[in-house]
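# Fold and contact review
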Amino acid sequence: MTFREINSKMVEAAVVPGRRLLSQRGAMLAYRGDVSFTPSVQGGQGGVMSMIGRRVAGEATPLMTVEGSGTVLFGHGGHHVHVIGLTGDTLYVEADRLLAFEGTLRQGTMFMGAQGGVMGLVRGQVTGQGLFTTTLQGHGSVAVMAHGGVFALPVAPERPVHVDPQAYVAHHGEVRNRLSTALGWREMVGRGSGEAFQLELSGSGTVYVQASEEKL
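Residues numbered from 1 in each chain as written. Predicted model: local features only at pLDDT ≥ 70, side-chain atom pairs only at ≥ 80, totals over all residues. Heavy atoms only, no water.

Here the focus is the overall build of the chain. Along the backbone of the chain there are three helices and 13 strands. Across the 216 residues that make up the chain, the buried fraction comes to 50%. Taking as baseline every contact in the chain between residues at least 6 positions apart, the subset at least 24 positions apart corresponds to 82%. Just so you have it, the chain exposes about 9,900 Å², and 54% of that area is on carbon and sulfur atoms. (Helix = DSSP H or I, 4+ residues; strand = E, 2+ residues; numbered from the N terminus. Buried < 20%, exposed > 50% of the residue type's maximum accessible area, 1.4 Å probe, protein only. Contact = heavy atoms within 4.5 Å. Areas by Shrake-Rupley, 256 points an atom, 1.4 Å probe, with all protein chains shown as cover.)

Our next topic: the pairing of strand S2 (residues 10-15). Examined bridge by bridge, strand S1 (residues 3-7) and S2 share four bridges and lie antiparallel to one another. For Arg4, the partnering residue across the bridge sits in S2 and is Glu12. When S2 meets strand S5 (residues 63-74), the two strands line up antiparallel, connected through five bridges. Residue pairing across strands places Val11 opposite Phe74, the latter belonging to S5. (Pairing = 2+ DSSP bridges.)

It is worth spelling out the pattern of salt bridges at this point. One side chain can pair with another of opposite charge once the charged atoms of both are near each other. Under the definition given, this model contains three salt bridges. Note that Glu12 is salt-bridged to Arg4, the shortest N-O span being 2.9 Å. Its relative accessible area of 48% is what places Arg4 among the partly exposed residues. We note a salt bridge from Glu12 to Arg32, for which the minimum N-O separation is 3.0 Å. (Salt bridge = Lys/Arg side-chain N within 4 Å of Asp/Glu carboxyl O.)

The residue Thr87 is located in strand S6 (residues 80-93) in this model. Spatially, the C-alpha atoms of Thr87 and Ser141 are 8.8 Å apart, while their sequence positions differ by 54 residues. Among all residues touching Thr87, those that are not within four sequence positions of it are Gly138 and His139.

Moving on to the environment of Ala30. Locating Ala30 in the fold gives a position in strand S4 (residues 28-39). As a C-alpha pair, Ala30 and Thr71 span 41 residues in sequence and 8.6 Å in three-dimensional space.

The subject of this paragraph is unusual backbone geometry. You will see that Glu158, though not glycine, has its phi angle at about 65°, which is positive. Tracing the sequence through the fold places Glu158 in the loop between strand S10 (150-155) and strand S11 (161-163). Glu158 gets classed as exposed once you look at its relative accessible area, which sits at 78%.

Time to look at the confidence of the model for the chain. Looking at the chain, pLDDT values average 79 and 69% of them are 70 or higher. Note that residues 47-59 has pLDDT below 50 and, in this model, 24 contacts with residues that lie over four places away or in other chains. Taken together, the stretch residues 116-130 has pLDDT below 50 and engages in 41 contacts with residues farther than four places along the chain or on a different chain. (pLDDT = per-residue confidence, 0-100.)

With that out of the way, let us pick up the environment of Glu12. Among the secondary structure elements, Glu12 is positioned in strand S2. Distance in space between the C-alpha atoms of Glu12 and Thr2 is 8.2 Å, their sequence separation being ten residues. Each residue touching Glu12, except ones within four places of it in the same chain, is listed here: Thr2, Phe3, Arg4, Ile6, Arg32, Thr71, Val72 and Leu73.

Now the structure itself:
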């Protein structure tokens, strides 16, 4: 795996010739060797259309391309960092929670309403999170950020997991999401906690939850 967790708030990444990394701008803490950092105009293998999709989604998080030969230490804002390895599947993650990822991963954007229907739209408007989620697909590793640490919860058939939408970090696997609420429409407006509604994830996979509802 390219990323190695140094402590709860910092990861070390090996940079080798011919293989690039993508990182959030301002995430580099230190580096050794002959390493270059340049603004990314493509953002992984998603190409220009991926970046256009991200801008339309309001998730044009600035990325840097990291290349050369050496090692880099990544961290950002004192947030906790968690490394996720992908073996051909797709990771769904909020754009502002991405710290760094391997350039071998194909980047895209998923409209949350595609899985959650109208309730997917409500999730974005009421919780303040984006209606669009970044996708990373292929073989490689991803470093994500969170408040207070990250815990991985398995999602199994007939055993869905309910998550506060603001505590949601990412998920992967054959997982569907649906917003459920115990409150009426008028009561729900302006409320952003799990007491008002939950994000239900069902199917088979893993969901990553942060220890705080605070937004990055």
